Amino acid sequence: RGVWPFFFFFPAQHLVFRGLSTAMEGARQRLYVNQEAWDVQGPAADGRPSAELAFLLDLLPEETRPAVLRFRQLADQKRALLSQLLQRHVISTAFGVPWAEIELQRTKGRKPFFANRPSDTHEIAPNFNFNVSHEGWFVGIASETHSIVGFDIAAPQQHRGGPHSSAQQLFSTLRSTCTGDEWSCILAAGPEEAQQADFRLHWSLKEAFSKARGDGLGLDFGTVNFVHRSVVAEAAAAQAAADSTAADSADQGGCVQPDPHIAVTLNGSVQPPGTWAFTTETIDGHCFTVARGSPACVVDAYGVFRRTLQLPRPDRQALADWVQAPAPAFRRVTVADLLPADPSLREEYAAVRRP
């Protein structure tokens, strides 16, 4: 763990990831918050936010606050607010940009990006981008410096809320989202619980892949086929060890290797080796999936996000180095951890948090 050396070879895209520099480590993040455990008070009867929510909302640009408050349910407000806090925290800590100066935009496919990134960040993070996700108990973020990144959390049904559906009902409703080969794999996973877990893995892989590219709702999941060995069966057999490892990783950090047994085809075309890599972690039954791929795969109708990428078309070897590099493990943080690094601000938040 700790900091490893890295080396630049010319041209600049030939950065060999033998580890992380301190600067690059700050821009490659994997963080999550347990929103279920965050015991913030909801709005008052007249609709005004609680003192804690109001304090945190004041940290955001005024035009962003309605996007949080438009939700009626407190859980949805928490998820929207945590998403904003995570994005600004990662950008500010990575590049030293004050929160007030961070401009966040989205592509047509709803991929978020840092629109006004300073040019002096291009050397350590030429293609800086990030992705957020929330489902069940957790809200999280993944960021990368060179490859494009997509991130998805897939929660067990009991943590998602809403009516319970049997595996048969769920699979019937979502029949078109998986290919025939994928359904064969899912149905062969074992008992119903294992089948649902395998489906979550496939769904999460597709979401992460789509979110990395920036497709939005434009990608037909039925055209994306994932092949993997029985990851779910292995994970189920070692669930106790996995939970222990996840807890240690969440507290102490660490690295996760890309899974070499996951391959993807799009519209029947196998994606070339080294083009995409996927990591999966299981945290309290939630599947955390991160996809890393080539910047050349970005779907950006307006072209604004693509213009922030300094190395949009890497050669094959550089890309393989980028996507196959070990990734940071997800680390659990609290709301207080996400605040700007101002001691007086943190003291004020602590006072607001007191009953």
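Fair warning: this is a prediction, and the values are worked out from it, not measured in the lab.

Calculation rules
Residues numbered from 1 in each chain as written. Predicted model: local features only at pLDDT ≥ 70, side-chain atom pairs only at ≥ 80, totals over all residues. Heavy atoms only, no water. Helix = DSSP H or I, 4+ residues; strand = E, 2+ residues; numbered from the N terminus. Buried < 20%, exposed > 50% of the residue type's maximum accessible area, 1.4 Å probe, protein only. Contact = heavy atoms within 4.5 Å. Areas by Shrake-Rupley, 256 points an atom, 1.4 Å probe, with all protein chains shown as cover. Polar contact = N/O pair within 3.5 Å; in protein donor to acceptor, adjacent residues only side chain to side chain. Core = buried A, V, L, I, M, F, W, Y, C linked by side-chain atoms within 4.5 Å. Salt bridge = Lys/Arg side-chain N within 4 Å of Asp/Glu carboxyl O.

(A) Representation of the overall build of the protein. Each helix and strand counted, the protein has 12 helices and 16 strands in total. By residue count, 51% of the 355 residues in the protein fall in the buried class. Counting contacts in the protein only where the partners sit at least 6 residues apart, residues at least 24 apart contribute 64% of the total. Carbon and sulfur atoms make up 52% of the accessible area of the protein, which amounts to about 16700 Å² in all.

(B) A look at the environment of Ser165. Inspection of the secondary structure assignment puts Ser165 in the loop between helix 5 (157-160) and helix 6 (167-173). Ser165 gets classed as partly exposed once you look at its relative accessible area, which sits at 21%. Residues contacting Ser165, with those up to four places away along its chain left out, are Gln157, Leu170 and Gln196.

(C) Geometry of the side chain of His202. Mapped onto the elements, His202 comes out in helix 8 (residues 192-213). Its relative accessible area of 0% is what places His202 among the buried residues. Within the local environment of His202, its side chain forms a polar contact with the backbone oxygen of Asp198, the two atoms lying 3.0 Å apart.

(D) Structural view of the nonpolar core. Among the nonpolar cores identified, the biggest contains 37 residues, and Trp38, Leu56, Leu81, Leu85, Phe95, Phe114 and Phe128 are the most heavily contacted of them. Residue assignment for this core shows that the elements contributing at least two residues are strand 3 (30-34), helix 2 (51-57), helix 4 (74-95), strand 6 (129-135), strand 7 (138-144) and helix 12 (343-353). Sequence-distant contacts of Leu81, defined by excluding residues within four places in its chain, comprise Trp38, Leu53, Leu56, Leu57, Leu60 and Val68. With 23 residues, the next largest nonpolar core counts Ala208, Phe226, Ile262 and Ala291 among its residues.

(E) Representation of the pattern of salt bridges. Per the counting criterion, the structure on display carries 10 salt bridges. Between Asp39 and Arg353 there is a salt bridge, with the nearest N and O atoms lying 2.9 Å from each other. On the criterion of sequence distance, the pair formed by Asp39 in the loop between strand 3 and helix 2 and Arg353 in helix 12 is long-range, its members being 314 residues apart. Taking the relative accessible area as the measure of exposure, Asp39 reaches 55% and is therefore exposed. A network of salt bridges, in which partner residues are shared, links Arg28, Arg30, Glu144 and Arg292.

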